[in-house]
Amino acid sequence: MTPDLPTDGYDGHVEPGGPTAVRVLDEVVLRKVSVGPLDNNAYLVTCRRDGAQLLVDAAADADRLLALVREGNGAARLDTVVTTHRHGDHLGALRSVVAVTGAHVAAGADDADAVAAAADVPVTRRLHAGDLLVVGHVTLEVVALRGHTPGSVALVYREPEHAAHPGRAHVLTGDSLFPGGVGKTHGPDDFARLWHDVVTHLFDRFDDDTWIYPGHGDDTTLGTERPNLAAWRARGW
């Protein structure tokens, strides 16, 4: 089962070396590219009112990511880079992107030291569940999804009440939730933790039309994945 495609033509599919997928919403433009040998997704969130920008996962190929930043803002403004978790394939270009743009670096509190050490950059904000990240006139909420790593985080943007889909959520999940299952874990305790967080903080909280933007591969929705939750729990991954 595949998610219903949005009417703007965005389908969430990108390929390494391919064009940017662009989704225009009322308050923000969301851009998605694939970089690196592991087909990592990087996302750029641009406030339509003032051009403020946030990059999610400077995974690889700094030149491609800097070009992405310029696609969103001709002055190459980048306010913040959020690293969803500590794994090296999600931060390979972090140091270079920060060096060029001067962006602040944010990461989950329990992954922040590992991110800083791996990328050789200071983490200027340690994120906790419920924290808010402001991008110009837009606010994103931090959700903790522990288990893939101890400090994995997701970001949630909700469309405003005057939008075509008022209140609809868009969740950038890193490697914690994909089409077909939760992210990789390294034992039953980590799986139980991730399962609990994904179910409690995403499926129990948000509607079926919630759009999921994962760290690798195509997008999905909570409604597409919800019927499979019991099977995921039974298989343990």
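Read on for an overview of the structure.

Cut-offs applied
Residues numbered from 1 in each chain as written. Predicted model: local features only at pLDDT ≥ 70, side-chain atom pairs only at ≥ 80, totals over all residues. Heavy atoms only, no water. Helix = DSSP H or I, 4+ residues; strand = E, 2+ residues; numbered from the N terminus. Rg over C-alpha atoms; globule rule 2.2 N^0.38 Å. Contact = heavy atoms within 4.5 Å. Areas by Shrake-Rupley, 256 points an atom, 1.4 Å probe, with all protein chains shown as cover. Lys, Arg positive; Asp, Glu negative; His and termini not counted. Charge placed at Lys NZ, Arg CZ, Asp CG, Glu CD. 1 Å grid on protein atoms, 1.4 Å probe; cavity = no way out; pocket = protein on both sides within 12 Å on 5 of 7 lines; lining within 4 Å. Points joined across faces, edges and corners; volume = space filled by probe spheres on them. Buried < 20%, exposed > 50% of the residue type's maximum accessible area, 1.4 Å probe, protein only. Core = buried A, V, L, I, M, F, W, Y, C linked by side-chain atoms within 4.5 Å.

Thoughts on the overall build of the chain
Helix and strand counts for the chain come out as 6 helices and 15 strands. Its C-alpha atoms give the chain a radius of gyration of 16 Å, within 12% of the compact-globule value 18 Å for 237 residues. By its C-alpha atoms, the chain is 50 × 40 × 35 Å across when sized along the principal axes. For the chain, contacts bridging at least 24 residues in sequence account for 55% of all contacts bridging at least 6. Approximately 10,100 Å² of the chain is accessible, and the part contributed by carbon and sulfur atoms is 51%. Side chains of the chain give 21 positive and 33 negative charges; the mean places of these two sets differ by 3 Å.

Considerations on empty space enclosed by the protein
By the definition in use, this model includes 1 cavity of 30 Å³ or more. What the largest cavity holds in volume is close to 50 Å³. Lining the largest cavity, in full, are Leu25, Val28, Leu30, Val45, Leu140, Tyr157, His170 and Leu172. When contributions to the lining of the largest cavity are tallied by element, the ones reaching two or more residues are β2 (28-35) and β11 (169-174).

What to know about unusual backbone geometry
Unusually for a residue other than glycine, Asp57 sits at a positive phi of about 70 degrees. Residue position: Asp57 is located in the loop between β4 (53-56) and α1 (62-72). The phi dihedral of Asp61 is positive, around 55 degrees, even though this residue is not glycine. Its place among the elements puts Asp61 in the loop between β4 and α1. On the basis of relative accessibility, which here comes to 44%, the residue Asp61 falls in the partly exposed class.

Points about the nonpolar core
Counting residues in each nonpolar core, the largest one holds 28 residues, and the members touching the most others are Leu55, Ala58, Leu65, Leu78, Val81, Leu94 and Val97. Of all the secondary structure elements, the ones that give two or more residues to this core are β2, β3 (40-47), α1, α2 (94-101), β6 (104-108) and α3 (112-119). Of the residues forming this core, the biggest block, 5 residues, is contributed by α1. Once residues within four sequence positions are removed from consideration, Ala58 is found in contact with Leu65, Val81, His90, Leu91, Gly92, Ala93, Leu94 and Val97. Membership of the second largest hydrophobic core comes to 26 residues, among which are Val82, Leu127, Leu140 and Leu172.

Concerning α1
All buried positions along α1 are accounted for by Ala62, Arg64, Leu65, Leu66, Leu68, Val69 and Gly72. Packing partners of the buried residues in α1 comprise β2, β3, β4 and α2.

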